[in-house]
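# Geometric and topological summary
One letter stands for each residue in the lines below.
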Amino acid sequence: MDAVPSSAPARRTVILAGAGAAALAVCPRAAAAAAAAGPVPLAERPAGAAELPLRADRTTQGDVLAGSRKDHACLLLVHFRDVVLARRWLARLVPELSTTEEMARFNALFSAARVKAGGTDPASLSAQWTGLSLTYPGLRLFAGRDPFPAVPAGSTAEAFTQGAALRAEALGDTGTSAPASWLFGAEDPRRAVHAVLNLSADDPDRLASTVTRHREALATAGATIVFRQDAGTLPGALRGHEHFGFTDGISQPGVLGFHAPDPATGTTVQGKPGTRLVPAGEFLVGQEKAGQRPAGLPAWATGGSFQVVRRLAQDVPGWWEQARQRLAELKKAGAAPADATATWVAARLVGRWPGGTPIAGCPLAEVPGPVGDDPDAHLSYHEDGQGWHTPLFAHIRKGNPRDGLVPGPGRPPLDPGVLDNRRIIRRGIPFGPAYDPQHPEGAAGPDTPRGLVFIGYQADLVQQFEFVAKKWINESDFPAGRNPRVGADPVLGPDSPVTFETESDAGSRATTLRFGRYVRTQGALYAFTPSLPTLRALAQGVLDDSVEVHPGTVLRPGDVLDAGAVRLTLAADGDLAVLDRAGAKRWSAGTAGTGHDALFSRDGELTVRTEAGATAWSSGTAGHPGARLLVKPSGDVVILDVDRVLWRAPGGHVG
């Protein structure tokens, strides 16, 4: 039975299997793995807040790590005309912004109550959240000057200052997805979006009242709402799904310091054995990054996250009609079972069945697990290098190759930890009514605008969102080196032929299919979600644009922290040095030939280390946890304990 009769997406494809033998026949590998592993425990929050310090953070905005998770949302994209009025508005707004601690505490209560109720949302728990992000023009407006002392080529600062519209072509936003047709994000500079006010609530009436109140406050501040985007969870059987009918937001990364680690592994989330823990610095600036890499960003960015906002229109009947057409081609080629349905094909395009179960372990049909279970608990691509079980072009595999990324033919898959710095936290929510083929002339018909509001958070726009979009999603030669090529992601990517590989007596059999584009970009923004301390400072017109080296950061040969007038670098010969704008050396540690890397410890000490790990040079400032290493546009490179200078690179001066 086709799960999508007459093009209508259904919630899930289910084969009811009361007996273990029936489940095994449908989902053999997943059933076997589950039997071996036993029941998966639900995640529990450890009693000690110190074990998960980020859950108690009241300085960062909550949507980044905790997520608002509300059924109703409204984004107001705002342009300010008067900086004085804008700063007054910001000062009044900051106390209302929702913190990580608030959201994490509420979400834990809500999740526990939902599991206890067997998957039903608890009516007794309700909340309304407020978040604020600023674009590059917005930061510049509030600060009264450029927020970056320098904009190195290829950096996330460059991507942010240029904005999504200028980088659209490289990201595949061309043709009907080009900025010329966008509803927001490509405005005349005189109407540029300065702020993204993100409002969400469980109750639609409460949200409507909140939106009205904020619209009035913005009018008082002399602001213009450039665009309003309403969004909400789809009703009924499509609850928790996007418009094509698939459960959304399943595969989120775990975050060290926020999610409890599984004691058995230490590398995965407790209760979610299929979810790796990723260093928090990949999402929040100032936390430790994968490989202890430097962020190279100004101090105002600490505690914040770069935000990508995209309005993605979905042509639901067109997408499902395409799935049926490709199914006919696969059957004709003998590459699909005779009883396969359009849902069978669609599940291979996505990599999951509509209810969220990965096809890797359930190739025939979906067998959903109990409420609270991790659908990705046993998801692995390690033994599926050919893509016979989960196609190499599948949406979830293109966007997150997990343990199955083969860098070249004949080579073993990469360790999944290598990809930690590519992960993104996604906060998507649908907009528009669900498509109903039974009422094609009404609001639920094919011509009514509908799609997904994509919001993504990361610490590096270039190495995370843009890399995944350009090098993985849109790239037909990823994974690389295969003949014929894999093809682009058939869900989000451009028009592209894809290679559908199946197992045969001779090895791998390739069937070429062509997929058109049924998801169209209608607007895009790059914004930044600052910490509350940064927003309070901006309300006073203050912005600390010193480049900050965060505790735990390791500099390696070639790393450069550029503050415009001065740069801190570890040269190729291992010498830690301060250079002026022209590249002349103002100071060095004298470690040429001996320095291997430089560490700014959590104890407040800057040390150049030899290859053997011995100290070649030290700032001598140990014993000051919480100290800050700043490269100032004024020309100073200093280590500060609050306002007290512990160390200054000789030749610097007070800014």
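Quick caveat, the model's predicted, so the values are computed rather than measured.

## Re the overall build of the chain
- A count of helical and extended segments in the chain gives 13 helices and 26 strands.
- A globule of 655 residues ought to have a C-alpha radius of gyration of about 26 Å, and the chain, at 26 Å, matches this closely.
- Across its three principal axes, the chain shows a C-alpha extent of roughly 75 × 60 × 50 Å.
- Looking at the 655 residues of the chain, the share that counts as buried comes to 53%.
- Considering only contacts within the chain whose residues lie at least 6 apart along the sequence, 66% involve residues at least 24 apart.

## Quick notes on the side chain of Thr156
- Turning to its location among the elements, Thr156 is positioned in helix α7 (residues 156-162).
- With a relative accessible area of 6%, Thr156 lands in the buried category.
- Separated by 2.7 Å, the side chain of Thr156 and the backbone nitrogen of Leu461 make a polar contact.
- Apart from the residues within four sequence positions on either side, Thr156 is in contact with Leu297, Phe306, Ala459, Asp460, Leu461 and Val462.

## Observations regarding the sheet that holds strand β5 (residues 254-255)
- Spatially, β5-β7-β6 is the arrangement adopted by the three strands of the open sheet, whose pairing is mixed. Each having just a single partner strand, β5 and β6 (268-269) make up the two edges of the open sheet.

## Structural notes on the packing of aromatic side chains
- For the structure on display, the rule yields 24 aromatic pairs.
- Seen in terms of ring centroids, Phe246 and Trp320 are 6.3 Å apart; in terms of plane orientation they differ by 10°. Their pairing is stacked. Taken together, the residues span a long stretch of sequence, with Phe246 in the loop between β4 (224-232) and β5 and Trp320 in helix α9 (residues 316-332) at a distance of 74 residues.
- Residue Phe246 is classed as buried on the basis of its relative accessible area of 3%.

## Describing the nonpolar core
- One finds Trp89 and Leu132 to be the most contacted residues of the largest nonpolar core, which totals 90 residues.
- The dominant element in this core, judged by the number of residues it contributes, is helix α10 (residues 342-350), at seven residues.
- Excluding anything up to four places from it in sequence, Trp89 contacts Phe80, Leu132, Phe142, Leu197, Ala217, Leu218 and Ala221.
- Core analysis: the next-biggest nonpolar cluster, separate from the first, contains 34 residues, Leu54, Ala73, Val255 and Ile455 among them.

## What about helix α12 (residues 462-473)?
- For α12, with twelve residues, the first-to-last C-alpha span of 14 Å runs short of the 16 Å given by 1.5 Å per residue.
- Looking at α12, one finds that the buried residues are Val462, Gln464, Phe465, Glu466, Val468, Ala469, Trp472 and Ile473.

## With respect to the packing of helix α4 (residues 83-93) against helix α6 (residues 136-143)
- Between α4 and α6, the shortest axis-to-axis distance is 9 Å and the interhelical angle comes to 100°. One element, α4, and the other, α6, form an angle in the roughly perpendicular class. Across the interface between the two elements, Val83, Ala86, Arg87, Trp89 and Leu90 from α4 touch Leu141, Phe142 and Ala143 from α6.
- Grouping the constituent residues of the contact of α4 with α6 by class yields seven nonpolar, no polar and one charged.

## Regarding α10
- Burial of α10 is extensive: nine of the nine residues sit out of reach of the surface.
- Looking only at α10, the buried set comprises Ala342, Thr343, Trp344, Val345, Ala346, Ala347, Arg348, Leu349 and Val350.
- Its buried side turned inward, α10 meets α9, α11 (395-399), β12 (496-504) and β13 (507-515).

## What about the environment of Leu535?
- Mapped onto the secondary structure, Leu535 falls in helix α13 (residues 532-538).
- Classification of Leu535 by relative accessible area gives buried; the value is 0%.
- In sequence terms Leu535 and Leu364 are 171 residues apart; their C-alpha atoms lie 52 Å from each other.

## Observations concerning the packing of α9 against α10
- For the pair α9 and α10, the least separation of the axes is 8 Å and the interaxial angle reads 105°. Comparing the axis directions of α9 and α10 gives the class roughly perpendicular. Listed contacts from α10 to Trp319, Trp320, Ala323, Arg324, Leu327 and Leu330 of α9 are Ala342, Thr343, Trp344, Val345, Ala346, Leu349 and Val350.
- Of the residues contributing to the contact of α9 with α10, the split by class is eleven nonpolar, one polar and one charged.

## A closer look at the sheet that holds strand β18 (residues 566-570)
- Read across the open sheet, the four strands follow the order β17-β18-β19-β20; overall the sheet is antiparallel. Strands at the two margins of the open sheet, each flanked by one partner only, are β17 (560-562) and β20 (585-588). Across the sheet, the axes of successive neighbouring strands diverge by a mean angle of 20°, strand direction being ignored.

## Remarks on the confidence of the model for the chain
- This prediction gives the chain a mean pLDDT of 91; 92% of its residues lie at or above 70.
- Low pLDDT, under 50, characterises residues 1-25; the predicted model gives this stretch 56 contacts beyond four residues in sequence or across chains.

## Side note on the pairing of β18
- Buried residues dominate β18, accounting for four of its five residues.
- By the bridge criterion, three bridges tie β17 to β18 in an arrangement that is antiparallel. Bridge assignment links Asp562 to a residue of β18, and that residue is Arg567.
- Sheet topology note: the β18/strand β19 (residues 576-580) ladder contains five bridges and is antiparallel. Each residue of the ladder has a partner; that of Leu568, found in β19, is Val578.

## A short note on the environment of Thr176
- Among the structural elements, Thr176 can be located in the loop between α7 and β3 (195-201).
- Its relative accessible area of 55% is what places Thr176 among the exposed residues.
- Taking the C-alpha atoms as reference, Thr176 lies 42 Å from Thr267; in sequence the two are 91 residues apart.
- Aside from chain neighbours lying at most four places away, what touches Thr176 is Ser181, Arg520 and Thr521.

## Thoughts on the pattern of salt bridges
- In this structure the tally under the stated criterion is 27 salt bridges.
- Here Asp71 ties to Arg239 by a salt bridge, and the two come within 3.0 Å at their closest N and O atoms. Placement of Asp71 in the loop between α3 (62-65) and β1 (72-79) and of Arg239 in the loop between β4 and β5 is noted, with a sequence separation of 168 residues between them.
- You can call Asp71 buried: its relative accessible area is 18%.
- Salt-bridge contacts for Glu282 lead to Lys289; the nearest nitrogen and oxygen are separated by 3.7 Å. Of the two residues examined, Glu282 and Lys289, each falls in the buried class.
- Through salt bridges with shared partners, a single network forms among Asp71, Arg114, Asp121 and Arg239.

## As for the side chain of Glu242
- Looking at the element boundaries, Glu242 is found in the loop between β4 and β5.
- Among the polar contacts made by the side chain of Glu242, one reaches the main-chain amide nitrogen of Phe246 at a distance of 2.7 Å.
- Setting aside residues no more than four positions away along its own chain, Glu242 makes contact with Leu234, Asp248, Gln314 and Pro430.

## What to know about unusual backbone geometry
- Residue Phe478 is joined to Pro479 through a cis peptide bond whose omega torsion reads -10°.
- Its location among the elements puts Pro479 in the loop between α12 and β12.
- Even without a glycine there, the phi angle at Val642 is positive, about 60°.
- Along the chain, Val642 turns up in the loop between β25 (637-641) and β26 (644-648).
- Of the residues examined, Val642 reaches a relative accessible area of 66% and is grouped as exposed.

What counts and how
Residues numbered from 1 in each chain as written. Predicted model: local features only at pLDDT ≥ 70, side-chain atom pairs only at ≥ 80, totals over all residues. Heavy atoms only, no water. Helix = DSSP H or I, 4+ residues; strand = E, 2+ residues; numbered from the N terminus. Rg over C-alpha atoms; globule rule 2.2 N^0.38 Å. Buried < 20%, exposed > 50% of the residue type's maximum accessible area, 1.4 Å probe, protein only. Contact = heavy atoms within 4.5 Å. Polar contact = N/O pair within 3.5 Å; in protein donor to acceptor, adjacent residues only side chain to side chain. Pairing = 2+ DSSP bridges. Phe/Tyr/Trp six-rings, centres within 6.5 Å; stacked < 30°, edge-to-face > 60°. Core = buried A, V, L, I, M, F, W, Y, C linked by side-chain atoms within 4.5 Å. Expected span 1.5 Å × (residues − 1). Axes fitted to C-alpha atoms, helices over the stretch in contact; angles between N-to-C directions. Parallel < 35°, antiparallel > 145°, perpendicular 65-115°, else oblique. Nonpolar A, V, L, I, M, F, W, Y, C, P; charged D, E, K, R; others polar. pLDDT = per-residue confidence, 0-100. Salt bridge = Lys/Arg side-chain N within 4 Å of Asp/Glu carboxyl O.

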